[in-house]
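Structural characterization, general
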6 protein chains.
Amino acid sequence: MELQLEKINHILEALPYLIKYSGKTIVIKYGGAAMIEEDLKASFAEDIVLLKYLGINPVVVHGGGPEINQLIKSLNLNTQFVRGHRVTDEPTMEVVEMVLTGKVNKQIVSLIQEKGGKTVGLSGKDGGLTLAEKYLMEFEDENGKLQSLDLGLVGKISEVNPSLIRTLQAEDFIPIISPVSVSKEGKTLNINADTMAGAIAASLSAEKLILVTDTPGILIDGQLVTGLNKQKIDEYIRSGQISGGMIPKVECCLDAMRGGVKRAHIIDGRVPHSVLIEVLTNQGIGSLIE
Amino acid sequence: MELQLEKINHILEALPYLIKYSGKTIVIKYGGAAMIEEDLKASFAEDIVLLKYLGINPVVVHGGGPEINQLIKSLNLNTQFVRGHRVTDEPTMEVVEMVLTGKVNKQIVSLIQEKGGKTVGLSGKDGGLTLAEKYLMEFEDENGKLQSLDLGLVGKISEVNPSLIRTLQAEDFIPIISPVSVSKEGKTLNINADTMAGAIAASLSAEKLILVTDTPGILIDGQLVTGLNKQKIDEYIRSGQISGGMIPKVECCLDAMRGGVKRAHIIDGRVPHSVLIEVLTNQGIGSLIE
Amino acid sequence: MELQLEKINHILEALPYLIKYSGKTIVIKYGGAAMIEEDLKASFAEDIVLLKYLGINPVVVHGGGPEINQLIKSLNLNTQFVRGHRVTDEPTMEVVEMVLTGKVNKQIVSLIQEKGGKTVGLSGKDGGLTLAEKYLMEFEDENGKLQSLDLGLVGKISEVNPSLIRTLQAEDFIPIISPVSVSKEGKTLNINADTMAGAIAASLSAEKLILVTDTPGILIDGQLVTGLNKQKIDEYIRSGQISGGMIPKVECCLDAMRGGVKRAHIIDGRVPHSVLIEVLTNQGIGSLIE
Amino acid sequence: MELQLEKINHILEALPYLIKYSGKTIVIKYGGAAMIEEDLKASFAEDIVLLKYLGINPVVVHGGGPEINQLIKSLNLNTQFVRGHRVTDEPTMEVVEMVLTGKVNKQIVSLIQEKGGKTVGLSGKDGGLTLAEKYLMEFEDENGKLQSLDLGLVGKISEVNPSLIRTLQAEDFIPIISPVSVSKEGKTLNINADTMAGAIAASLSAEKLILVTDTPGILIDGQLVTGLNKQKIDEYIRSGQISGGMIPKVECCLDAMRGGVKRAHIIDGRVPHSVLIEVLTNQGIGSLIE
Amino acid sequence: MELQLEKINHILEALPYLIKYSGKTIVIKYGGAAMIEEDLKASFAEDIVLLKYLGINPVVVHGGGPEINQLIKSLNLNTQFVRGHRVTDEPTMEVVEMVLTGKVNKQIVSLIQEKGGKTVGLSGKDGGLTLAEKYLMEFEDENGKLQSLDLGLVGKISEVNPSLIRTLQAEDFIPIISPVSVSKEGKTLNINADTMAGAIAASLSAEKLILVTDTPGILIDGQLVTGLNKQKIDEYIRSGQISGGMIPKVECCLDAMRGGVKRAHIIDGRVPHSVLIEVLTNQGIGSLIE
Amino acid sequence: MELQLEKINHILEALPYLIKYSGKTIVIKYGGAAMIEEDLKASFAEDIVLLKYLGINPVVVHGGGPEINQLIKSLNLNTQFVRGHRVTDEPTMEVVEMVLTGKVNKQIVSLIQEKGGKTVGLSGKDGGLTLAEKYLMEFEDENGKLQSLDLGLVGKISEVNPSLIRTLQAEDFIPIISPVSVSKEGKTLNINADTMAGAIAASLSAEKLILVTDTPGILIDGQLVTGLNKQKIDEYIRSGQISGGMIPKVECCLDAMRGGVKRAHIIDGRVPHSVLIEVLTNQGIGSLIE
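Rules used throughout
- Residues numbered from 1 in each chain as written.
- Chains lettered and ligands numbered in written order.
- Predicted model: local features only at pLDDT ≥ 70, side-chain atom pairs only at ≥ 80, totals over all residues.
- UniProt positions renumbered as here; feature names shortened; annotations may be inferred.
- Contact = placed C-beta atoms within 7 Å.
- Helix = DSSP H or I, 4+ residues; strand = E, 2+ residues; numbered from the N terminus.
- Nonpolar A, V, L, I, M, F, W, Y, C, P; charged D, E, K, R; others polar.
- Least-squares fit on C-alpha atoms with pLDDT ≥ 70 in both.
- Pairing = 2+ DSSP bridges.

The name recorded for chain A in an unreviewed UniProt entry is Acetylglutamate kinase, from Leptospira ilyithenensis. If you open the UniProt record of chain A and go to Sequence similarities (unreviewed entry), you find "Belongs to the acetylglutamate kinase family. ArgB subfamily." Under the Pathway (unreviewed entry) heading, UniProt states for chain A: "Amino-acid biosynthesis; L-arginine biosynthesis; N(2)-acetyl-L-ornithine from L-glutamate: step 2/4."

And the structure:
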């Protein structure tokens, strides 16, 4: 009985969060180790199903993982490189889409379904969910002049129409979204999964955007910072304390919040059940931006 | 992080039960110590709120507790006794109703409301919820002849119209029901709370009927029996191993199941969170009749 | 045939009022003699049922009547008096609530139900219907200085959430409301039934607020005034022609109208069917404030 | 106040009927004097509006009146007669339809609208409401042989599709129906208004069919019989005590009841407010067949 | 197969128009030759049914045609003439209404029904659809002074309540409307069908108003002008290039557009399927005002 | 005008089919040349969009095409062959799924979207749409004994849950379905697209199942047979006049019809707009089984 009571007390500690998030939408960018290791995959799937049964509406946007590169390698595709960046040409884009939408997406769909959820796999192309435009990477050249770099079929989301997601949520289906979209001209474009998650979260006025990463969160001088806001982030970026790959992640969070999302989180996907720990416990996990 | 993971794992152990009971109705007879001790009252209130936020629909029918006798005593009511049983005359019935519907019911309403639930207190008189008829206690006299004993304004439920409960559930209100009803002739009648809970559970085709008692469950030769069915119960009654006050409780359970309730439970209200332990853990608590 | 025709003609005279009030809500404060004398009780119950079947939505808020004092007396409660006013301490409040919510309310529920209505008894505590705060009576002391008097557990309504009433009305249940509420701190507070009716009427943007009283209406120099507005009332109060217990009644009416109620009436509950006379006949009854 | 009370008491006497007929459909065949004399027309219109505001759904099917013959005469149409019966040829049918649907129907629509109802005039042609087939009058010739007489464009209803009526009732429109229909072959056919009302009442499983006539009801040996059933009617027809034009009326009532109508009435339209007297008073009026 | 492909290609050319008009309302004034010649009548009926099955909501307002004059003549009505205009007295109005509402309307109802549509015939009197006031024709006398001419029971629409049309459209009924209305005083008034169609189109914020006429459209110097706007029309009227009976038609179109209609068309009803040609082909037909 | 009239007449010839199929579901197996040649792809996409705007609900199940083999070849997968049949091992299944669900499906989704439809790409795994079990090919060995051949990850549909399709149809999304499913054990299985289409059509009680093939239809002695039924098909199979790859196609049609589909068609996808020709013209195309 002791043990059972302890269990129940643990469940009851989640009650304030159930009351707070009941009926709300949480958009989760799923990627990294959490998508590779079997244990973490299973724990993530359980998290999504539990959220749904707790009356919270999860929407998952997933990244690609190592499988894209494997297939590109197996096919001996001759990819061009410009300034060290791979250019996504049409054959590469085809592989990217096949792996993301035809393999990774369906694995996630099936995994969560096995745990008891009703998942529907989508890409940004389905039901007019997103429209994208070509993304030109900007950089400063040696002379400090702003240049733009054409990385091929890489895009950024210009419009989101969430009516398909709303339709599916109304019938308790969980949308699992692959970060591929299409341009007005009908070109298939590869989208960064973080920014795709952010754009979709904004279109849904989501309660939370959670980026599942392979870091403990935002580290400043090697220490995890659990709470930040726009002002602090700006300072840290200017001081160089936030740098490299973390910059686009925090910017994606800030963009989503400008678009109407209440809170954004960068959490550690290497910890089992990190999503539930974030949503349902007092201590939470990772960094909260609000 | 260890602790948080443990918490989340405890929550996840409840997932199969959430999947099983999502959207279902559970009728709970609330009484005994769980209605008297402050800690148990708080733990019961939390159980009800959590069930609601887990997508399960609780309906509470409460008993009376010691407060009825206190008021009767304070008022020096001259109650008649027949064969050792108190006869509920009109002044007594008035006190019973005032305490049950005007005091106990509203305390439960407020307590659960403080924990985050939207409760509505009802008696069996409201919205035509129940109709009762006079109940005559049957007993064998010295000569083994069946006699019936008139205990005054004591009734049994003859009809339940659950439309008011359905209306309230559709808008996420939790009904808290006082065991007082009315006869066709307009007489107010006192109803045994167990049988009231059973009748309401049957009318709702409830998934479970849970009787919260001051015993560990059904004890046979001093040992708790965790699972029984109609056949076994009949045997135990015949053999006298189930006897006294436990007989009406198990009969109330069997009646409810005949009326369409899936499972009935007799659990120990002296254990904190006994309702949640029953609904959400593998081991459960008390005795299950199915 | 003559008599039948006369009846039908009388019914037809009500047609303009049916057209005007069809689908509208009318909040009625029920109290005084109309709640005591058997004939008046029956006639009031019929009025409410008829209104409902005529497509008008009545909401009843009732007062207490002599039964509270009787029980206080029977229990020999030691009530404190401050400046001639009884202070509502906890034991008194308990009695007040039991009588109002557990006895008077259920009597009205049953009475109207017998006449054919589907009534649901509520108090201000149910479904988060009302929130109250302590009410301090203000008065001028001998030096003309404003003082406030603490009368104990007496409150005034600070918030009304009519969603429970709307839910019940949508399914044709008639709410019967007991004037007891709760404060943020969880204290049970006794509310003046007139102001409770006014606050609820305002929250529902009711078509009419009707105060059923033991006076013919507003009397000026001993004469009934059938129609008044805010300006006239202010004049009469300044001139002292409206005084005593009538002042809070007219102020309650004016408050309700500021809150969105179209018309308020103070009518004579000692006249049988006074509510229907007010709603359905050309001459009406009592005083109309608009 | 006396008078007002009397009025209210008269209204209250109708309460049991409101409870009984609330939300039910009553089909009324309107014809005879009630359609000609100004006073009776106004009283009928008031009856219909009041029924609607009392929550009862009236459907009116009207007859023709003298206006058809006037126009036929003014146009000097050469009508053929067979065995004393006028044959409805195409020019005559055109006049019949214009008068019924274009004049009489719209007069009734406007009259009831003036009294406060929302009426919509239809004929059996609108919205696929009815389908008719040619009606051959059967008679025995001199030799007792059954012959059939072709009266031209006269029909009987073979199918009713009440979906248009249901659509209108759901939005509180009152259908006023002209007894003209169309055959499968597209021929316009004149329908007896009594049988049209009966067929429509059956298709709606109406609570009542009321035939408004120029007789006090069913007279047996000169005496009004207020209550009959199928068996008695059969006896009276066999004995010749019901004869002539009353036979098709009672047969229409019996047909409607076979089709699912609960009760049928033959009432005296020459009495003002006869419809309301029938529906709302204890004594009723005319003959009831059940 | 060639022929079938050609057919399909023709259907496919309509696709952009289906996408554009899907779910929208188009109000069509039906009159002239299209209402007289059998072939044109059949082609018009098919047009309306096809529009409905293409997901577009047609509303038809029809004119009178020669049948009114025939009946007036047959009845030898003594019509007065003022300044060359026939004055609509009561007997004439009665004939007008009978022919329009009782004959022409029902012929259209039946014709479209035979082709597969679910039509409901209405006049402006039904369901409070329209309210009209007397129309006084203004003219300049010999001295250039503005005079007004009383033409009797001729009206113009002062109010439209489209709720009946909306109710019918929601259940896929097609309203066919006769241009007869009623004044506040209860007088039946004859309405110009063009302006009736325009007023109804405005009340429905229709996508298109189409006037089916006996002209190719707006002719300027004998040439059809396919596209015009308010400014051009004003110029043409000032210059006298638009004159006579075309002036009220273009003004009706401009009025409707001021009231919220998107586009108005004056098309040639003598061309079979002119309505479909206008709605579904690239070239369209007649004159477009936008 | 001539040309426009011809167009309109062609559209009108489709009216009887619109009336017949309005609101009905048509399941189309899409494959072969129609999925390869640009012109045919565009014409198919237009067909689907037009059907939707005509109020008919298309559901598309597509096959694979040559792209699967290309990728298998590029990856140098070592496929095993048993009795001349390729065995689908896990690496092959992975390629099959990526191409079908990640490439072909999304191309169809985008193509139809460009023409104006709102498409959603699904596989049999999404939303629990289908469940499959391993399919063992049966054949007779040399001794005439029935043997079964294990072709690896090839399945047949054992259950269809069409609720996801219904959800999407209710909001006017067009489902495009890839023939990949999952077994109870979580194995991904390749499904024959014809039988997948048939099973889905049956679960939806579709009005029609259309198999788009590279044949003119069912040929008997080299001649197209336009209409057949079960009996005739059985005869032709026994006589060997239907043989080879046509046998599974006709059996798939018969299975679907046993499951509740009204009619099945085998049509020539090499003819542009063959789907519309089948649905909307009198002559139709290919072979009809009913």
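A word on the interface of chain A and chain F
Taken together, the 28 residues of chain A in the interface contact 28 residues of chain F. Counting only elements with at least two residues in the side of chain A that touches chain F, the list comes to helix H5 (90–115), strand S5 (119–123) and helix H6 (163–170) of chain A. When the residues that make up the side of chain A that touches chain F are grouped by side-chain class, the tally is eight nonpolar, 11 polar and nine charged.

Quick word on the relation of the copies chain E and chain D
When chain E is fitted to chain D, the residual RMSD is 0.1 Å, and the transformation amounts to a turn of 180° plus an axial shift of 0.0 Å. Overall, the copies show the geometry of a two-fold rotation axis. When each C-alpha of chain E is compared by its distance to the rotation axis, Gly-102 of chain E comes out closest, at 1.8 Å. Comparing contact sets, 100% of the residues at the interface of chain E also lie at the interface in chain D, consistent with an isologous, same-surface contact.

Notes on the sheet that holds strand S1 (residues 25–30) of chain D
All names here are of chain D. Here eight strands make up an open sheet; going across it, the order is S5-S8-S2-S1-S11-S15-S16-S14 and the pairing mixed. The open sheet terminates on both sides in strands that have one partner only, identified here as strand S5 (119–123) and strand S14 (227–228). Here strand S11 (residues 208–213) pairs with strand S15 (residues 263–268) via six bridges, running parallel. Across the sheet, the residue bridging to Leu-209 is Ala-264, located in S15.

Let's talk about the relation of the copies chain A and chain F
The two copies are related by a screw operation: chain A maps onto chain F through 180° of rotation and 0.0 Å of translation along the axis, at an RMSD of 0.0 Å. The residues that chain A uses at the interface reappear at the interface of chain F in 100% of cases, marking a shared surface.

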